[in-house]
Structures are given as structure tokens and as C-alpha cells.
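# Secondary and tertiary structure notes
The primary structure of each chain is shown beneath.
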Amino acid sequence: MTAAGIARLAGVGRAAVSNWRRRHADFPQPVGGTDTSPSFALAEVERWLRGQGKLSEVPLRERVWQQLAGHPAGPVTALLHAGCGLLLVHDRHTDWLRLSAVSDAHLARLLPDALDAVLTPRFGKPRRTRAVRVPATPELLPSVPLLRSAAELAAELGAHKAYEFLLGRHLDANPRQYTLTPQGPADLMAALAGPARSVLDPACGTGALLRAAAGAPGQRLYGQDSAPDLAALTALRLALGSDAPATVRTAAADTLRADAHPDVTADAVLCHPPFNDRNWGHDELSYDARWEYGLPARTESELAWVQHALARLRDGGTAVLLMPPAAASRRSGRRIRADLLRRGALRAVIALPPGAAPPYNLPLHVWVLRRPGPGAPAASDVLLVEAAEATAADGRHPDSRHTDGRDPRAWPPVQDAVLDAHRRFERHGTLDEIPGFALSVPVLELLDDEVDLAPARRLPPRAAGGGAQELGEVRDRLGETLRLTAELTPPRAAPGAPDTSRWPLTTVGELARAGALVIRTGGATAAAGVPVLTDHDVLTGAPPAAPAAAHDDALTAQGEPPVLTEPGDVVVPVSGGAAARVVDEATAGAALGRGLVLLRPDPAALDPWFLAGFLRGTANNRQASSYASTSARLDVRRLQLPRLPPERQRGYGERFRALAAFEDALRLAGRLGEQLVRGMYDGLTDGTVAADGPDPAPRQASRAPRAPETPE
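Residues numbered from 1 in each chain as written. Predicted model: local features only at pLDDT ≥ 70, side-chain atom pairs only at ≥ 80, totals over all residues. Heavy atoms only, no water.

## A look at the overall build of the protein
- Secondary structure assignment for the protein yields 25 helices and 21 strands.
- Counting over 712 residues, the protein shows a buried share of 47%. (Helix = DSSP H or I, 4+ residues; strand = E, 2+ residues; numbered from the N terminus. Buried < 20%, exposed > 50% of the residue type's maximum accessible area, 1.4 Å probe, protein only.)

## Details of the side chain of Ser149
- Positionally, Ser149 belongs in helix H9 (residues 144-157).
- With a relative accessible area of 5%, Ser149 lands in the buried category.
- If we ignore the near neighbours within four places in the chain, the residues touching Ser149 are Leu60, Arg63, Val64 and Gln67. (Contact = heavy atoms within 4.5 Å.)

## Observations concerning the packing of helix H1 (residues 3-10) against helix H2 (residues 14-23)
- Two numbers describe how H1 lies on H2: the axes approach to 8 Å, and their chain directions differ by 105 degrees. Here H2 runs roughly perpendicular to H1, going by the angle between their axes. Where H1 abuts H2, its residues Ala3, Ala4, Ile6, Ala7 and Ala10 lie against Arg14, Val17 and Trp20.
- A breakdown of the residues in the contact of H1 with H2 according to their chemical character gives seven nonpolar, no polar and one charged. (Axes fitted to C-alpha atoms, helices over the stretch in contact; angles between N-to-C directions. Parallel < 35°, antiparallel > 145°, perpendicular 65-115°, else oblique. Nonpolar A, V, L, I, M, F, W, Y, C, P; charged D, E, K, R; others polar.)

## Regarding the pairing of strand E15 (residues 570-573)
- Here E15 shows a buried face lined by Val570 and Val572 and a second buried face lined by Val571 and Pro573.
- Bridge count between E15 and strand E16 (residues 581-582): two bridges; the pairing is antiparallel. Note that in E16 the partner of Val571 across the bridge is Arg581.
- With four bridges joining them, E15 and strand E18 (residues 596-601) adopt antiparallel strand pairing. Counterpart to Pro573 in the pairing with E18 is Leu596. (Pairing = 2+ DSSP bridges.)

## So, the packing of helix H11 (residues 183-193) against helix H16 (residues 411-428)
- Relative orientation of the contacting elements H11 and H16 amounts to 15 degrees, with a least axis distance of 11 Å. Here H11 lies roughly parallel to H16, going by the angle between them. Judged by the twist between their axes, the crossing of H11 over H16 is right-handed. Residue-level contacts link Gly184, Pro185, Asp187, Leu188, Ala191 and Leu192 of H11 to Trp411, Gln415, Val418, Leu419 and His422 of H16.
- Here the residues of the contact of H11 with H16 sort into seven nonpolar, three polar and one charged. (Left-handed = near helix turned anticlockwise from the far one by under 90°.)

## A word on helix H23 (residues 608-615)
- Judged by how many residues are buried, H23 sits mostly within the fold: eight of eight residues are covered.
- The set of residues buried in H23 consists of Pro608, Trp609, Phe610, Leu611, Ala612, Gly613, Phe614 and Leu615.

## Comments concerning the pattern of salt bridges
- Inspection of every chain in the model, using the stated rule, returns 35 salt bridges.
- Across the salt bridge formed by Arg643 and Glu510, the nearest N and O atoms sit 3.9 Å from each other. Here Arg643, found in the loop between strand E21 (640-642) and helix H25 (646-686), pairs with Glu510, found in helix H20 (residues 508-513); they are 133 residues apart in sequence, far enough to count as distant.
- Beyond isolated ion pairs, a larger network of salt bridges with shared partners links Glu292, Asp315, Asp339, Arg343 and Arg371. (Salt bridge = Lys/Arg side-chain N within 4 Å of Asp/Glu carboxyl O.)

## Some words on the sheet that holds strand E13 (residues 517-521)
- Here four strands make up an open sheet; going across it, the order is E13-E18-E15-E16 and the pairing antiparallel. For this open sheet the edge positions go to E13 and E16, each flanked by a neighbour on one side alone.
- On the sheet, H23 packs against E13, E15, E16 and E18 and is oriented at approximately 15 degrees with respect to E15.

## Concerning the packing of aromatic side chains
- The tally for this structure, following the rule as stated, stands at 10 aromatic pairs.
- Judged by centre distance (5.7 Å) and plane angle (50 degrees), the rings of Trp20 and Trp48 are tilted. Here Trp48 lies in helix H3 (residues 42-51) and Trp20 lies in helix H2, a separation of 28 residues in the sequence.
- Here Trp20 falls in the buried class, since its relative accessible area comes to 9%. (Phe/Tyr/Trp six-rings, centres within 6.5 Å; stacked < 30°, edge-to-face > 60°.)

## Things to note about the pairing of strand E6 (residues 266-271)
- Most of E6 is tucked away: six of the six residues are buried.
- In this sheet, strand E7 (residues 313-323) lies alongside E6 in parallel orientation, the contact comprising five bridges. Looking at E7, one finds that Cys271 is bridged to Leu321.

## Details of the environment of Glu152
- Assignment of secondary structure puts Glu152 in helix H9.
- Separated by 91 residues in sequence, Glu152 and Arg61 have C-alpha atoms that sit 9.6 Å apart.

## Examining the environment of Ala388
- Mapped onto the fold, Ala388 is located in the loop between strand E10 (381-386) and H16.
- Accessibility expressed as a relative area gives 11% for Ala388, which makes it buried.
- Along the backbone, Ala388 and Leu364 are 24 residues apart, and their C-alpha atoms lie at a distance of 9.8 Å.

## Things to note about the environment of Ala456
- Tracing the chain through its elements places Ala456 in helix H18 (residues 455-458).
- Exposure remark for Ala456: the relative accessible area of 44% places this residue in the partly exposed category.
- When the C-alpha atoms of Ala456 and Ala438 are compared, they prove to be 9.9 Å apart, with 18 residues separating the residues in sequence.

## Digging into the side chain of Ser143
- Mapping Ser143 onto the fold places it in the loop between helix H8 (137-140) and H9.
- We classify Ser143 as buried; its relative accessible area is 0%.
- Within polar-contact distance, the side chain of Ser143 engages the side chain of His81 at 2.7 Å.
- With residues near it in sequence (within four places) discarded, Ser143 still touches His71 and His81. (Polar contact = N/O pair within 3.5 Å; in protein donor to acceptor, adjacent residues only side chain to side chain.)

## So, unusual backbone geometry
- Backbone torsion omega between Pro358 and Pro359 reads -5 degrees, so that peptide bond is classified as cis.
- Examined against the element boundaries, Pro359 turns out to sit in the loop between strand E8 (346-351) and strand E9 (365-370).
- Phi is positive for Asn276, close to 55 degrees, though the residue is something other than glycine.
- Relative to the helices and strands, Asn276 is located in the loop between E6 and helix H14 (301-311).
- You will see that Val451, though not glycine, has its phi angle at about 50 degrees, which is positive.
- Relative to the helices and strands, Val451 is located in the loop between helix H17 (443-446) and H18.

## A look at the confidence of the model for the protein
- This prediction gives the protein a mean pLDDT of 85; 86% of its residues lie at or above 70.
- When the criterion is pLDDT under 50, residues 548-559 qualifies, and its contacts beyond four places in sequence or with other chains add up to 33 contacts.
- pLDDT under 50 marks residues 699-712. Its contacts with residues more than four places away, or in other chains, come to one contact. (pLDDT = per-residue confidence, 0-100.)

## Considering the state of the cysteines
- A full pass over the atoms with the stated rule returns zero disulfides.
- Between Cys271, a cysteine without a disulfide, and Cys204, which holds the nearest cysteine sulfur, the sulfur-to-sulfur distance is 9.6 Å.
- A relative accessible area of 1% places Cys271 in the buried class. (Disulfide = S-S within 2.5 Å.)

Structure below.
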């Protein structure tokens with residue numbers, strides 16, 4: 001384990017671990033790593049921390065994760081062994097109890113046969129070609145302690161949730177190694193495909209799309225990935241997540257060159273293919289039978305994946321692919337796009353908000369395709385959706401027009417609106433235009449020289465203000481807010497008392513030890529429907545909102561039950577600048593998000609506004625911050641505040657409360673002003689606002705001052 005892992009175990013910062021290494025000669029010596037990033041043995045660290053009274057008990061989740069992360073064969077191998085062991089615990093629990101009663105060495109000798117008895121019914125008999133192979137005894141020996149700990153975690157969470165926790169932690173720790181499909185887009189793609197008894201993902205990665213589509217009894221799930229480890233992880237993830245009977249088949253091979261499922265005719269194909277792959281097999285696959293709509297150019301690997309998906313569908317089956325926006329308009333692919341349109345294979349192109357899925361700087365597209373049946377008439381229209389415009393299902397636009405795909409609070413209304421438009425289009429074959437959001441376009445209109453399918457070309461955004469009437473309402477709200485801001489402007493500052501600098505000081509850590517407040521740390525998850533207060537909310541003054549709907553196992557496997565806020569709590573972000581927020585009735589009940597620390601003061605000893613105000617001091621934050629190479633982290637326990645009697649605290653608290661109200665009014669005025677300016681620009685340029693309106697008021701301040709007249 002690393003120094004960062006030790007800090008997590010002990011609940012301290014990394015600087016404290018560095019101090020322990022320097023000050024204590026008996027601190028465990030590194031067993032690996034480098035001079036700048038050493039690694040330590042978990043058992044030795046645990047003994048030392050407990051001997052020093054710095055640790056009562058290592059949380060089970062943290063113990064299992066540290067065993068996995070420090071596995072001598074690497075975390076991926078450890079995940080595969082843990083998944084096999086958890087599948088044994090899940091499918092044959094009594095066998096595991098009997099086997100686990102022996103020594104580690106004996107268990108490693110017994111496990112291969114026991115695992116084979118579980119893996120073969122799940123993944124088939126051809127052991128050489130299936131994605132999950134049975135580890136041999138020498139491979140399993142170093143993994144036995146991990147398997148025992150994972151079984152303990154499964155007793156607490158369940159085998160599937162335990163595995164989701166370990167896999168999710170590994171993916172979070174290595175974000176650059178994997179191209180992930182976030183849960184929101186995965187759920188949307190599965191919903192667009194509809195219920196299916198057989199689902200194929202030819203580029204399955206870690207199995208997010210197959211997992212989103214899983215759930216029907218007797219369902220058959222097929223996956224393939226060129227990385228053997230990912231194919232195996234997906235197979236284990238799906239097998240552990242399926243209580244209903246389901247057939248899971250994954251394979252490790254290059255799908256376009258060596259299709260592992262050539263005889264499959266699936267009800268649905270879901271795919272997040274690799275983008276911009278110049279080495280997809282253009283030369284050796286030139287005469288492949290899958291290119292019914294034309295041979296893709298070397299630069300059009302995505303259109304090769306589109307045709308592969310159509311080739312693996314039954315007649316009338318649906319394919320949903322996540323595509324780069326360039327695939328909708330590149331000249332090299334226009335002939336294939338035209339043939340997809342003519343034959344009725346392409347049914348919808350949906351532009352997602354930027355940030356919805358990697359690469360996060362692009363507004364990726366979702367293509368919905370259907371394999372035409374023999375003699376089926378070609379569709380006359382294609383659905384185009386511009387989901388980057390945050391739109392409700394009824395077509396009304398909220399104040400914030402452009403949705404950030406990374407914001408989990410913004411995703412549910414986008415997904416609902418897209419699915420509503422798609423269902424109406426599927427039901428009627430056409431869709432009346434929802435301005436700026438969706439419309440159905442006749443195929444003949446798209447079959448021009450460019451065959452440009454980008455929704456933005458056909459769906460210019462509505463004016464940001466929504467028209468002259470709505471702009472007038474925004475202007476009225478802005479005027480009211482500016483008047484309120486003027487009323488809340490703090491009075492002229494007066495010099496402070498001369499003895500202020502000599503106040504006796506205390507720290508948050510000392511107050512916690514004295515029982516004047518309680519410190520709680522935020523996590524990453526909450527129960528379904530519970531709003532989450534994030535560090536971004538605290539820094540910007542935004543209200544918490546319910547996260548996107550998630551699988552129950554993902555909500556409960558990541559850590560302890562969420563910390564819920566109460567009125568009077570003070571919430572502090574550990575990075576991002578000097579900020580503190582007092583929880584009011586509107587914010588109470590939200591789950592504390594990651595990167596936040598909650599201070600719950602005893603009202604008899606501490607005024608919450610007094611506490612929050614002094615925690616925001618710039619100098620206070622500077623002395624309590626530690627710096628890494630690229631970021632700063634606040635040690636909340638080191639923040640200071642003066643020891644003052646309750647009546648003096650309340651006096652300061654009222655001033656801090658007034659400052660917070662003034663700050664909120666300024667934020668609202670800024671948002672309304674930006675919306676009004678943007679709406680006026682858009683309205684004047686698209687004709688929804690007249691250019692010959694009332695003359696603007698004279699701007700005296702912008703005129704040059706007149707020179708004083710010289711008396712004769």
C-alpha cells in the first residue's frame with residue numbers, strides 16, 4: 001500500500017504519514033515502489049498504527065481493496081481471481097465454507113477444481129476459448145488471503161455488490177487506462193434499444209452497456225473485446241449480477257478481424273466502439289460480407305462498426321451505437337450514410353451534451369439503427385435530437401440552456417426528454433418539431449451532396465431568453481434582484497477593535513475533541529432519490545439535486561451509509577478555495593458528497609454562522625492547506641477561530657449571515673444578467689426580438705466629461 005492508502009486508513013493527511021516516517025524509527029520500512037512513491041506491507045502498517053493508538057480497526061472494504069491493489073501479480077489479476085472466488089461464494093456457498101476451513105496452501109490446491117465446477121456451467125465447456133479461465137494453484141496461492149477477505153465482504157454486501165465495489169474502485173483509481181461508458185449514457189442506449197432477449201456488445205470493455213441491458217429472465221448476453229482481461233472482467237461482472245438465469249458469453253479477440261459470434265442474430269446490439277482507428281482492417285477485410293452498405297474508408301472505422309452491428313441483428317432488431325460527431329458529416333462516409341438512409345436502416349441521430357462520455361470535450365452522437373426485414377418499406381423520416389439543449393419532456397426550456405453532460409443532476413431530464421421524443425417518433429413515424437431540441441426530417445431532404453446527419457445543422461438553438469416576453473420577465477427579475485442587492489450591500493467598514501489580534505485561538509480539531517462539534521466526511525453515494533450536496537454546490541451556492549438513477553448495488557457498495565445534512569451544519573470543501581456553507585431547511589436532508597467535510601456544532605457552544613464566517617478567512621485557509629504538485633488540500637482540523645462567548649459569537653454570526661445573503665443576491669444577479677445578454681444577442685440575430693424597439697436609455701457615464709466654461 002502507498003502513503004496515500006495509509007493516510008486513508010488512519011484518517012489523516014499524507015503529510016502526517018511523512019512525519020511519522022521521519023519521527024518514528026519503528027515505522028515499517030518500504031517493501032516496494034520507488035523512492036518518491038514507496039509501498040508498504042498492509043499487515044505491518046496495520047500493526048504499527050494499532051500499536052500507536054492511531055487505528056482501532058481497519059474497515060473491511062479498505063482491507064480488501066488494499067489487498068487487491070497490492071497484489072504481486074497486479075490489480076487486474078487480483079480482480080479476476082476475486083471475481084472467480086466470489087462466483088464460487090455466490091453459486092456454491094456451502095462448498096466455499098467447506099473449502100475455506102483448510103490452510104491457505106491446501107485451499108490453493110483445492111480451488112482450481114471447485115472453480116471449474118462453477119465457471120463451466122456459467123461460461124461453457126470450451127475452456128481454451130472462453131473468456132474466464134481457471135487459475136492454476138501457483139497463481140492462486142498469493143490470492144488466497146484476498147479471496148478470504150472478499151468472501152467476508154460478500155457476507156456483508158452480497159457477492160455482486162462486493163465485486164462492483166472492487167471493480168469500481170479500480171476503475172476510479174486508473175481512469176486513463178480504460179475508455180468507460182458512463183452509467184447515464186449506457187442506460188439511455190439500453191432504453192433506446194428496448195427489451196431484448198439477446199444482446200450483443202462487440203466492444204464490451206468493462207461491460208457497462210451489457211450491464212445496463214441485463215435483467216430479463218433467460219436473457220442471452222454476448223460480449224467481445226480485444227483485451228482478454230476486459231472480456232474476463234465483463235463476464236464475471238455479468239455473471240455475478242444475474243440472479244435470473246442468463247447466458248453470458250464473452251470472448252477476447254479483435255471483433256472486426258476475428259468475430260467470436262459469427263452465428264449470433266441478436267435482438268439488440270449496443271456498442272461504444274473505438275474512435276478514429278486507422279488500423280481496423282481495411283485492407284484484409286475489403287471483401288467482407290458485412291459491408292452491405294459499402295466498404296468503409298480507412299478513416300471511417302466507426303462505419304465499419306455500424307455495419308458489423310447491423311450484420312449481427314435479426315430482421316427488425318435494433319442497434320444503438322455511441323459515435324463521434326464527425327461520423328455524421330465526414331465526406332468520406334457520405335455514400336454509406338446515404339445507403340443507410342435509403343434502405344431505412346438509420347432511424348435516429350441524437351447529439352448528447354458535451355461531457356456525457358469520453359472524450360468529454362465532444363458532444364458525442366447516439367445512432368439508432370434497425371435491420372430492415374425482407375420487403376419492409378423504407379422509413380420516410382429520420383429523428384434528429386439535439387440533447388445538448390437542456391429540454392424537458394414537454395418541450396419547455398429551463399433557464400440554463402446548455403447542459404453539462406458531466407453534471408449528474410442535469411442528466412435525468414435530458415434522458416427523459418430524449419426517450420419521450422423517440423417513443424413518439426416510433427409510435428407515429430414522425431414528430432412535430434420541438435424548437436431547438438428535436439424534429440423528424442424526411443429522408444429525401446437529407447440525401448443531398450453532403451448527407452450531413454448532424455442534428456445541429458437542422459436544429460438551430462432557440463434564443464437563450466426564449467423570446468421577447470420571456471426576456472422581459474428575465475429583465476424584471478434582474479431589476480428586482482439588483483434592488484435587493486443594493487439593499488443588502490454591507491455598510492461601510494469600520495476599523496476593528498485594537499485587541500482583535502490578541503484573541504485566544506482554538507482549532508476545529510480541538511473543538512471536536514472537546515465535544516463542541518462533530519466532524520463527518522462526505523462520500524460519493526446516496527440512496528436512490530436522495531439529493532447530493534457536492535463541493536461545486538458549496539462553491540457556487542447552488543442547491544443540491546437528486547442524482548441520476550443508478551443501480552442499487554452501485555449506490556450501496558461504495559462505502560458506509562451517506563451522511564445526511566441537518567439545519568445548522570457547516571459544510572466545507574477540502575479543495576477549491578475558501579468556502580463554507582451553513583445548511584438551511586431547504587438544504588437539509590441532502591447526502592454529503594465527496595470532497596466535503598461536515599461540521600455539526602453544539603448550539604450551546606458554537607454559533608454556526610460565526611463558525612462558517614471565520615472558516616472562510618483567506619489567511620486561515622492558507623495556514624491550514626497542504627500543497628501537492630498540482631493541487632491544494634485543506635486540513636479542516638487545522639482551521640482556527642477565536643474563543644469568544646456566545647453573545648459575541650452571535651454578533652459576528654449576524655454580520656456573516658448578512659454577507660452570505662448579499663453574496664447569494666450577487667450570484668443570482670450575475671446569472672440573470674448573463675441570461676438577459678445572451679438572450680438579447682440570440683433574439684436580435686434570429687429575429688425573435690425586434691431591432692427597432694424602444695431607444696436605449698442614455699448612458700451618461702460613457703460620455704466624455706464636458707470641459708468647464710471659461711468666463712470671459
